[in-house]
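# Report on the structure
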Amino acid sequence: MIIPPQQLVKYGYNVSQLDCSGIKLTLAEVYKPLGPGTIDLDSKSIPNYETIQADDKGYYRLGLGSYIIRYGEYVKIPEDAIALAIPRSTLIRSGAMLFTAVWDPGYEGRGFGLLIVYNPHGLIIRRGAQVAQLVFIRMSEPSMLKYRGTYYKER
């Protein structure tokens, strides 16, 4: 069952963060990967990133390619729920796509996403602009495994 936005207030979100089906995720930072990532059977490593700077008005001018983005919101997923970040439709209509992973029960932190700009003319996006909506889905019972992995409490 999807948790209605008005119920998210009891988890610490304020009304200004609410959207039609969840909470707003906004763009805080943009990075470009500088090398390969590695996913092995029992380990992982992510590449170093180059920070992409916004102009003096907070706009990023992104060309074709892949970017790692950081959301502005510190998120806490209840232990009886998961969350899915759904890209804003204006992003898709502008020729870009946001890819995300499942937000596990018990995760908290400021997450990251993969933004791919497909539009040959690029994408202009301002720091603080909404890029996704985080939709919370209640599980039939709390998970026996709470997220406490590498990215727990990332700031």
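Structure: see above.
Below or above, wherever it landed, is the structure these notes cover. Bear in mind the structure is a predicted one, so any value in this text is a computation, not a measurement. (Residues numbered from 1 in each chain as written. Predicted model: local features only at pLDDT ≥ 70, side-chain atom pairs only at ≥ 80, totals over all residues. Heavy atoms only, no water.)

### Re the overall build of the protein
Scanning the protein for helices and strands turns up 1 helix and 13 strands. In the protein, the order of α-helices and β-strands from amino to carboxyl end is β-β-β-β-β-β-β-β-α-β-β-β-β-β. Here the protein has a C-alpha radius of gyration of 16 Å; the compact-globule value for 155 residues is 15 Å, and the two agree. Oriented by its inertia axes, the alpha-carbon framework of the protein measures out at about 45 × 40 × 25 Å. A total of 155 residues make up the protein; the buried ones form 40% of that total. Once local pairs closer than 6 in sequence are excluded, the contacts in the protein between residues at least 24 apart make up 74%. When the accessible surface of the protein is split by element, carbon and sulfur atoms take 55% of a total near 9,000 Å². Distance from the positive charge centre (18 side chains) to the negative charge centre (14 side chains) of the protein: 7 Å. (Helix = DSSP H or I, 4+ residues; strand = E, 2+ residues; numbered from the N terminus. Rg over C-alpha atoms; globule rule 2.2 N^0.38 Å. Buried < 20%, exposed > 50% of the residue type's maximum accessible area, 1.4 Å probe, protein only. Contact = heavy atoms within 4.5 Å. Areas by Shrake-Rupley, 256 points an atom, 1.4 Å probe, with all protein chains shown as cover. Lys, Arg positive; Asp, Glu negative; His and termini not counted. Charge placed at Lys NZ, Arg CZ, Asp CG, Glu CD.)

### Overview of the side chain of Glu108
Structurally, the position occupied by Glu108 is in strand β10 (residues 108-109). Put simply, Glu108 is tucked away with no salt bridge, and the nearest opposite charge, on Lys76, sits 4.3 Å away. (Salt bridge = Lys/Arg side-chain N within 4 Å of Asp/Glu carboxyl O.)

### Description of the packing of aromatic side chains
Across all of its chains, the model carries 5 aromatic pairs by this definition. Measuring from centroid to centroid gives 5.9 Å for Tyr71 and Trp103, while their planes differ by 40 degrees, and the two rings are tilted. Remark: Trp103 occurs in the loop between β9 (96-99) and β10 and Tyr71 occurs in strand β6 (residues 65-71); sequence separation between them is 32 residues. Here Tyr71 falls in the buried class, since its relative accessible area comes to 0%. The ring of Tyr67 is capped by Lys32, whose NZ or CZ atom sits 4.4 Å from the centre of that ring. (Phe/Tyr/Trp six-rings, centres within 6.5 Å; stacked < 30°, edge-to-face > 60°. Lys NZ or Arg CZ within 6 Å of the ring centre and 35° of its normal.)

### Digging into the environment of Gly106
Looking at where Gly106 falls in the secondary structure, it is placed in the loop between β9 and β10. For the pair formed by Gly106 and Ala85, sequence separation is 21 residues and the distance between their alpha carbons is 16 Å.

### Let's talk about the pairing of β9
Residues of β9 alternate between two faces, with Ala96 and Leu98 buried on one and Met97 and Phe99 left unburied on the opposite face. Two strands pair when backbone bridges link them, and β9 and strand β11 (residues 112-117) are joined in this way by 4 bridges, in the antiparallel orientation. Pairing of Phe99 across the sheet is with Leu114, part of β11. (Pairing = 2+ DSSP bridges.)

### Notes on the pattern of salt bridges
Applying the stated criterion across every chain yields a total of 3 salt bridges. For Asp80, the salt bridge identified is with Arg138, shortest N-O distance 3.3 Å. Of the two residues, Asp80 sits in the loop between β7 (75-76) and β8 (81-87) while Arg138 sits in strand β13 (residues 130-138), which places them 58 residues apart along the sequence.

### Some thoughts on the nonpolar core
Grouped together as the largest cluster of nonpolar side chains are 34 residues, with contacts concentrated most on Leu62, Trp103, Leu115, Leu134 and Phe136. For this core, the elements supplying multiple residues, two or more each, are β1 (23-33), β5 (59-62), β6, β8, β9, β11, β12 (123-126) and β13. Dropping the residues within four chain positions of it, Leu62 is found in contact with Val30, Ile52, Tyr67, Leu115, Val117, Gly122, Leu123 and Ile125. (Core = buried A, V, L, I, M, F, W, Y, C linked by side-chain atoms within 4.5 Å.)

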